[in-house]
Amino acid sequence: MIAAQAALETRMLLRNGEQLLLTVVIPTLLLVLFSSVDIVDTGAGRAVDFLAPGVLALAVMSTAFTGQAIATGFERRYGVLKRLASSPLPRWGLMAAKTASVLVTEVLQVILLTVIALVLGWHPHGNPAAVLLLLLAGTAAFSGLGLLMAGTLKAEATLAAANLVFLLLLVGGGVIVPLEKFGAAGSQVLGLLPISALSDGLREVLRDGAGMPWADLGVLTAWAVVALAAAGKFFRWE
């Protein structure tokens, strides 16, 4: 039942034009545009080496947080979640299916963006296991935040808030603009955001060839634990 629901969730997500825009089109355009045109000063080295890890982090956020929050919020509004909760599929099974759908979509995103980045001249380094662990921790953190928002706010408020947060974190999360541009104090505060921790951690591994960035992983783990616990406690099914 979980596998069938996960397949359905994935098909619905991939057929949704707005979610495809968030999960595929926008990250791809940002990667190609800012790697090809000298618009933002990304520091020493090639722009694609800075941008590719940040765009991968953005892709995780767009799927696990923004897309999931909006879709789940409207499912809750229209009573879909209430009806599914009364089906043989248990509530934890529904959440597991949604999580599996997010992971499948993220795999497709990572493959697509990696291929495009390689074509643009990206040469990643580092341990793939560290990258995988960072992506999983980031997914857990953003999923928790997305479900918390979808389960507590009205659908229209979720739509507005999720898109606003997406835009704010795109600019101030170290995705395309280095955090150093915000000053010493600003970079320290922004570095505690999950998108900043994920993009910075991926950059340390994939660009600099560093080992596991434990500080960034710790930030993501803290966000994941708090967000998932809050979502589990405050999520309303109707």
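Residues numbered from 1 in each chain as written. Predicted model: local features only at pLDDT ≥ 70, side-chain atom pairs only at ≥ 80, totals over all residues. Heavy atoms only, no water.

Looking now at the overall build of the protein. Secondary structure assignment for the protein yields 10 helices and 0 strands. If you list the helices and strands of the protein from N to C, you get α-α-α-α-α-α-α-α-α-α. Taken over the C-alpha trace, the protein has a radius of gyration of 18 Å; the compact-globule value for 238 residues is 18 Å, and the two agree within 12%. For the protein, with 238 residues in total, the buried portion stands at 49%. (Helix = DSSP H or I, 4+ residues; strand = E, 2+ residues; numbered from the N terminus. Rg over C-alpha atoms; globule rule 2.2 N^0.38 Å. Buried < 20%, exposed > 50% of the residue type's maximum accessible area, 1.4 Å probe, protein only.)

It is worth spelling out the environment of Ala71 at this point. Topologically, Ala71 is positioned in helix 3 (residues 47-77). The class for Ala71 is partly exposed, based on a relative accessible area of 25%.

This next bit is on the nonpolar core. Counting residues in hydrophobic clusters, the biggest one holds 49 residues, and the most contacted among them are Leu31, Met61, Phe142, Leu198 and Leu202. Elements that contribute at least two residues to this core include exactly helix 2 (17-36), helix 3, helix 5 (91-119), helix 6 (128-152), helix 7 (155-172), helix 9 (194-206) and helix 10 (214-234). For this core, the element with the highest residue contribution is helix 3, accounting for 15 residues. Of all hydrophobic cores here, the second largest spans 9 residues; its members include Leu84, Met95, Phe235 and Trp237. (Core = buried A, V, L, I, M, F, W, Y, C linked by side-chain atoms within 4.5 Å.)

Following the criterion strictly, the structure yields 4 salt bridges and no others. Between Glu156 and Arg77 there is a salt bridge whose closest N-O contact spans 2.4 Å. Of the two residues, Glu156 is situated in helix 7 and Arg77 in helix 3; the sequence distance between them amounts to 79 residues. The class for Glu156 is partly exposed, based on a relative accessible area of 41%. Close ionic contact of Arg207 with Asp208 constitutes a salt bridge, the shortest N to O distance being 3.2 Å. Residue classification places Asp208 among the partly exposed positions, given a relative accessible area of 47%. (Salt bridge = Lys/Arg side-chain N within 4 Å of Asp/Glu carboxyl O.)

A separate point is the side chain of Thr105. Relative to the helices and strands, Thr105 is located in helix 5. In this structure, Thr105 is in contact with Thr10, Leu13 and Thr63, ignoring residues within four places of it in sequence. (Contact = heavy atoms within 4.5 Å.)

Attention shifts here to the environment of Trp122. Looking at the element boundaries, Trp122 is found in the loop between helix 5 and helix 6. Judged by relative accessible area, Trp122 falls into the buried class, the value being 4%. Spatially, the C-alpha atom of Trp122 lies 27 Å from that of Leu192, the residues being 70 residues apart in sequence. If near-sequence neighbours (up to four positions away) are discounted, Trp122 is found in contact with Val48, Asp49, Ala52, Leu56, Thr114, Ala117 and Leu206.

The geometry of an aromatic ring pair is captured by the separation of the ring centres together with the interplanar angle, meaning the angle of the planes. Enumeration over the complete set of coordinates arrives at 1 aromatic pair. Relative to Tyr78, the ring of Phe74 has its centre 6.1 Å away and its plane inclined at 35 degrees; by these criteria the two rings are tilted. Exposure remark for Phe74: the relative accessible area of 21% places this residue in the partly exposed category. (Phe/Tyr/Trp six-rings, centres within 6.5 Å; stacked < 30°, edge-to-face > 60°.)

On to the packing of helix 6 against helix 10, then. Relative orientation of the contacting elements helix 6 and helix 10 amounts to 30 degrees, with a least axis distance of 8 Å. Considered as vectors, helix 6 and helix 10 are oriented roughly parallel to each other. Helix 6 and helix 10 meet at a crossing whose hand is left-handed. Of the residues in helix 10, those in contact with Leu133, Leu134, Ala137, Gly138, Ala140, Ala141, Gly144, Leu145, Leu147, Leu148, Gly151 and Thr152 of helix 6 are Leu217, Leu220, Trp223, Ala224, Ala227, Leu228, Ala230, Ala231 and Phe234. Partitioning the contact of helix 6 with helix 10 into residue classes produces 17 nonpolar, 4 polar and no charged. (Axes fitted to C-alpha atoms, helices over the stretch in contact; angles between N-to-C directions. Parallel < 35°, antiparallel > 145°, perpendicular 65-115°, else oblique. Left-handed = near helix turned anticlockwise from the far one by under 90°. Nonpolar A, V, L, I, M, F, W, Y, C, P; charged D, E, K, R; others polar.)

Turning next to the confidence of the model for the protein. In the predicted model, the protein carries a mean pLDDT of 88, and 99% of its residues have values of at least 70. Per-element confidence in the protein ranges from a low mean pLDDT of 76 for helix 4 (residues 80-85) to a high of 95 for helix 9. (pLDDT = per-residue confidence, 0-100.)

Between the first and last C-alpha of helix 7 there are 25 Å, a value that for 18 residues agrees with the 26 Å anticipated at 1.5 Å per step. Inspection of helix 7 places Ala155, Thr158, Ala162, Phe166, Leu169, Leu170 and Gly172 among the buried residues, and these make up the whole buried set. Count one or two residues on from helix 7 and you reach Gly174, which has phi positive near 75 degrees. (Expected span 1.5 Å × (residues − 1).)

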